[in-house]
Amino acid sequence: MVDQDRIIKINIEEEMKSAYIDYSMSVIVSRALPDVRDGFKPVHRRVLFGMNELGNTSDKPYKKSARIVGEVLGKYHPHGDSSVYFAMVRMAQTWSLRYPLVDGQGNFGSVDGDSPAAMRYTEARLSKLAEEMLRDIDKDTVDFQLNFDDTLKEPTVLPTRIPNLLVNGASGIAVGMATNMPPHNMSEVLDASMAYIDARGDIDVEGLMEYVKAPDFPTGATIYGYAGVKDAFETGRGRIILRGKAEIEVENNHEKIIISEIPYLVNKAELIKYIADLVNDKRIEGISNVNDESDRNGMRIVVDVKRDANSSVVLNKLYKLTALQSSFSVNNIALVNGRPRQLNLKDMIKAFVDHRHEVVIRRTRFELKKAEERAHILEGLIIASDNIDEVIAIIKSSKSPNEAIERLMERFSLSDVQARAIVEMRLRQLTGLEQDKLRAEYEEIEKLIARLKEILENEDTRMEVIKDELQEVKDKYGDERKTDIVYASEELNPEDFYADDEMIITISHMGYIKRTPLSEFRAQGRGGVGAKGSETRDADFVEYIYPASMHATLLIFTAKGKCYWLKVFEIPEGAKNAKGRAIQNLLNIEPDDKVNAFIRVKKLTTDTEFINSHYLLFCTKKGVIKKTLLEAYSRPRQNGVNAITLREDDGLIEVCMTNGNNEVLIANRNGRAIRFHESAVRVMGRTASGVRGMTLDEDPSDEVVGMVCIKDKETDTVLVVSEQGYGKRSIVEDYRMTNRGGKGVKTLNITEKTGKLVAIKNVTEENDIMIINKSGITIRMKVTDLNVIGRATQGVRLINLGKRNDEIASVCKVLSESEEQVNEENAEQDAQNENKGEITDFGGSEDIANDTEETTNE
């Protein structure tokens, strides 16, 4: 029965809840979160207090770390020795704390993540700054509590003169909450504190941000974008983007990226290893070597860039893929009156100033008490010196010291303290000089008492004292910022990772797309058999080739009249003979739809002047034409938008971008073309159907094959190409101006030998043309190889189809590469050469605005 009486039945759920809450509060208050007043967790506070109690100050020799750890463990912090040692080590690391509080001697680790030496090998002492945090601790400035075994007392907070929570930050994971606070520049924080005092607290976060610009990290680097900083200061939470500092150096025509600073808390050795791994895995191209050349003079990571690579692109990829650009998630949670609270910038400065105010009041009371006690004794000593002969006689005639004390108290109306001080007075104080000193000291003490009483009675005076002390700390320890701020920049622009090179975009009949550098294609003479341009799947053939630059935005238009948006760099790159990737994997295109045209715009979403002065001209295979302002297509959407409403059995075949003053040529399969001014087509909305542009033949197989916008009638000529590889150039004026909707005039003499018309282009003497047939054979030739002849002729053979039963699939034009012609005999050798060309216009089934407007836009 006795044992049963000792068993108390409880609800396990309630017990676990109660016990876990007790545990979590213990972790929060006694281990993981810093106090808002001094910015310390208990272990750091105990380390500094223990070192101070040992006399291990900055003006004395270093002491063994093991001795310091033993002192702290034995007296104040009953946990593992490693927790104490590593806390002390971190306070000595210049890359961990913005303002180190421990002066270490020996191996205290490195920014490469090396472990510190064992505590028996290292030595330490307080830094001068740490002494500012402990100053006046013996003047009853803070509360003390009993240690773990109730034999000693330790401070609950330090009487710091430094806003340590802000200047050194803090991090910790408690139960159910965590804190992650960045360091700041001491001069800025002290200026903000003084501004807060001057304003009597009537200053908002924005006003304080004029002094505290942003966090200031010990490893330097650059804060990239200000939105996260603003959020952190205003709410206590924010995400700050940090970029390492890197410069591109050129040495012997060889470019190198020199990294001199890395983001806070980034391990340098791991960063270098990760860069090497990315290079080995071919996730970053263009890097030949990475070396760490850091020494005692500073950090220096050298990234060697290959000669054919773009250093800026490589650097941006390093920012994107490695810790060279990192984020610091600010979460300002600290203990306020023993409770965790999320704090903004003003909250933390207010807590520090209030703490200093409390410390100054308690210190002044302590000093006033001591001064009054000393003044009381001095009054007695002065009375004794004025009556020295009588005092000596009383002392000499007394049988014991106590009797002498009592007689002095009775004779001169002294207190016990004063009488004892007289009895214990030394003989040398009887000299005249010493008596003068007594009076001078008493006068000084009286002045001090008056000053201390004024401080206690006047809050403005107390605030002046606090400001003077903060200014003194700033003058002694303030420094310049280490971390730069880039205010205007935000997240990385994806375009930063790609050089703005010219590309050829290839789309097959079955909808496979790729981009290939223009330099992989080379010119051949007229009548050559061409070079193998693209491998395709069985029953597939390359249908369209388009030129565009890497940074351009492509407005992609499908046969069903939908518009999609795609950056050129988002298209997968492939060699000339690669198959490419299904366009349905890049865009949300319907399975029975296909791409028929697209437009390149350099700054679609940012250049409002351009998109409000240019138009898109749509042409369908049934001869319908529509004109819409480009601005209507400047808001990209994931699933595309309807670009034109099509009638039954119609399909979109061509889209041109115009400047509102172009002439238009439309051609059909039966070899006719119509020319009219675009002003004949009124501007319509995005979803409009359009108006008749050309009247087709009654032949059911007749349809429009293309539309071009004439840019310059003096230099432009009209190129037409037929199915069997025949083509010719004619001057624009050969096509008389008519109104839209007519049948047009003959543009190519269609015969069985030539086949039907497949393409119409406007070209200049500076152009090359690229022709690709359905079997994947490509040929590139110079426009100057084609004579200008009448519009009604059948033209000359452009590509030798031989007995392949092949047909022309698509035609594209580019600027001429060089005067040199490459023929079939040396094709294999010249395939290794890189010929660079500049794209001015789209081929196949698209076009762009006149050269002047496009150049301005880019």
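Residues numbered from 1 in each chain as written. Predicted model: local features only at pLDDT ≥ 70, side-chain atom pairs only at ≥ 80, totals over all residues. Heavy atoms only, no water.

- An unreviewed UniProt entry lists the chain under the name DNA gyrase subunit A, with Parabacteroides gordonii MS-1 = DSM 23371 given as the organism.
- The record in UniProt for the chain states the following under Sequence similarities (unreviewed entry): "Belongs to the type II topoisomerase GyrA/ParC subunit family."
- Looking at the Catalytic activity (unreviewed entry) heading of the UniProt record, one finds this comment for the chain: "ATP-dependent breakage, passage and rejoining of double-stranded DNA." (UniProt positions renumbered as here; feature names shortened; annotations may be inferred.)

**Notes on unusual backbone geometry**
Okay, so step 1: With a phi close to 60°, Asn-253 is a non-glycine residue in the positive phi region.
Okay, so step 2: Asn-253 gets classed as exposed once you look at its relative accessible area, which sits at 71%.
Okay, so step 3: Phi is positive for Asp-649, which is not a glycine, with a value near 65°.
Okay, so step 4: With respect to the element layout, Asp-649 can be found in the loop between strand E28 (641–642) and strand E29 (652–658). (Buried < 20%, exposed > 50% of the residue type's maximum accessible area, 1.4 Å probe, protein only. Helix = DSSP H or I, 4+ residues; strand = E, 2+ residues; numbered from the N terminus.)

**Details of the UniProt feature "active site" (unreviewed entry) in the chain**
Okay, so step 1: Under the feature "active site" (unreviewed entry), the UniProt entry names Tyr-121.
Okay, so step 2: Along the chain, Tyr-121 turns up in the loop between strand E2 (102–105) and strand E3 (123–126).

**Focus: the pattern of salt bridges**
Okay, so step 1: In total, this model carries 53 salt bridges according to the counting rule given.
Okay, so step 2: For Arg-135, the salt bridge is made with Glu-472, and the minimal N-O distance between the two is 4.0 Å. Residue Arg-135 is located in the loop between helix H6 (128–134) and strand E4 (144–146), and its partner Glu-472 is located in helix H18 (residues 459–477); the two are separated by 337 residues in the primary sequence.
Okay, so step 3: Measuring nitrogen to oxygen at the nearest pair gives 2.9 Å for the salt bridge that ties Lys-139 to Glu-367. Of this pair, Lys-139 sits in the loop between H6 and E4 while Glu-367 is found in helix H13 (residues 345–386), placing the two residues 228 residues apart along the sequence. (Salt bridge = Lys/Arg side-chain N within 4 Å of Asp/Glu carboxyl O.)

**Details of the sheet that holds strand E23 (residues 562–567)**
Okay, so step 1: Spatial strand order, E25-E22-E23-E28: four strands in an open sheet with antiparallel pairing. Looking at the sheet topology across the chains shown, the edges are occupied by strand E25 (595–601) and E28.
Okay, so step 2: Judged from the two bridges that link them, E23 and E28 form a sheet pairing that is antiparallel. Note on E28: the bridge partner recorded for Cys-563 is Val-641. (Pairing = 2+ DSSP bridges.)

**A short note on the confidence of the model for the chain**
Okay, so step 1: Summarising the model, the chain shows a mean pLDDT of 85, and 90% of its residues fall at 70 or more.
Okay, so step 2: The weakest mean pLDDT in the chain belongs to helix H21 (residues 851–857) at 31; the strongest belongs to E3 at 97.
Okay, so step 3: Scored below 50 in pLDDT, residues 818–858 shows 118 contacts in the model against residues more than four places distant or in partner chains. (pLDDT = per-residue confidence, 0-100. Contact = heavy atoms within 4.5 Å.)

**Comments concerning the nonpolar core**
Okay, so step 1: Core analysis: the biggest nonpolar cluster contains 107 residues, and Leu-48, Leu-101, Met-186 and Leu-345 have the highest contact counts within it.
Okay, so step 2: Sort the elements by how many residues they give to this core and H13 lands first, with 15 residues.
Okay, so step 3: Looking at which domains feed residues into this core, each of domain 1 (40–156) and domain 3 (359–456) supplies at least three.
Okay, so step 4: Setting aside residues up to four positions removed in sequence, Leu-101 forms contacts with Phe-40, Leu-48, Met-91, Leu-126, Ser-127, Leu-129, Ala-130, Met-133, Asn-164 and Asn-168.
Okay, so step 5: Core analysis: the next-biggest nonpolar cluster, separate from the first, contains 21 residues, Val-111, Val-266, Ile-287 and Ala-309 among them. (Core = buried A, V, L, I, M, F, W, Y, C linked by side-chain atoms within 4.5 Å. Domains from an automatic or database assignment.)

**Notes on helix H2 (residues 12–32)**
Okay, so step 1: Over its 21 residues, H2 runs 28 Å from end to end, which matches the ideal 30 Å to within 8%, given 1.5 Å per residue.
Okay, so step 2: Inspection of H2 places Ser-24, Val-27, Ile-28 and Ala-32 among the buried residues, and these make up the whole buried set.
Okay, so step 3: For H2, the capping residue at the N-terminal end is Asn-11, with a side-chain oxygen 2.8 Å from the backbone nitrogen of Glu-13. (Expected span 1.5 Å × (residues − 1). Polar contact = N/O pair within 3.5 Å; in protein donor to acceptor, adjacent residues only side chain to side chain.)

**Observations concerning the packing of aromatic side chains**
Okay, so step 1: Using the criterion set out here, one finds 11 aromatic pairs in the structure.
Okay, so step 2: Between Phe-49 and Phe-144, the ring centres sit 6.0 Å apart and the planes meet at 65°, which makes this aromatic pair edge-to-face. Linking Phe-49 in helix H3 (residues 42–53) with Phe-144 in strand E4, this pair joins segments that are 95 residues apart in sequence.
Okay, so step 3: On the basis of relative accessible area, Phe-144 is assigned to the partly exposed category, the value being 31%.
Okay, so step 4: Through pairs of rings, three or more aromatic residues link up here, namely Phe-49, Tyr-76 and Phe-144.
Okay, so step 5: Sitting above the plane of the Tyr-62 ring, Arg-125 keeps its charged end 4.1 Å from the centroid.
Okay, so step 6: One cation-aromatic arrangement involves Arg-243 over Tyr-319; the distance from NZ or CZ to the ring centre is 4.0 Å. (Phe/Tyr/Trp six-rings, centres within 6.5 Å; stacked < 30°, edge-to-face > 60°. Lys NZ or Arg CZ within 6 Å of the ring centre and 35° of its normal.)

**Thoughts on the sheet that holds strand E32 (residues 691–692)**
Okay, so step 1: With antiparallel pairing, four strands are arranged side by side in an open sheet as E29-E26-E27-E32. A strand with exactly one partner marks an edge of an open sheet, and here the two such strands are E29 and E32.
Okay, so step 2: Pairing of strand E26 (residues 615–620) with strand E27 (residues 624–629), which is carried by five bridges, proceeds in the antiparallel orientation. The partner of Leu-617 across the bridge, within E27, is Lys-627.

**Focus on helix H4 (residues 65–75)**
Okay, so step 1: Within H4, burial applies to Ser-65, Ile-68, Val-69, Glu-71 and Val-72. Here the buried residues of H4 occupy an arc of 155° about the axis, which is enough to place them on one side.
Okay, so step 2: The inward-facing, buried residues of H4 abut H3, strand E1 (63–64), helix H5 (81–90) and E3. (Arc of directions from axis to C-beta.)

**Comments concerning the side chain of Lys-268**
Okay, so step 1: Looking at the secondary structure, you find Lys-268 in helix H11 (residues 268–280).
Okay, so step 2: The contacts of Lys-268, once residues within four sequence positions are left out, are Val-111, Asp-112, Ile-262, Asp-292, Ser-294, Met-299 and Ile-301.

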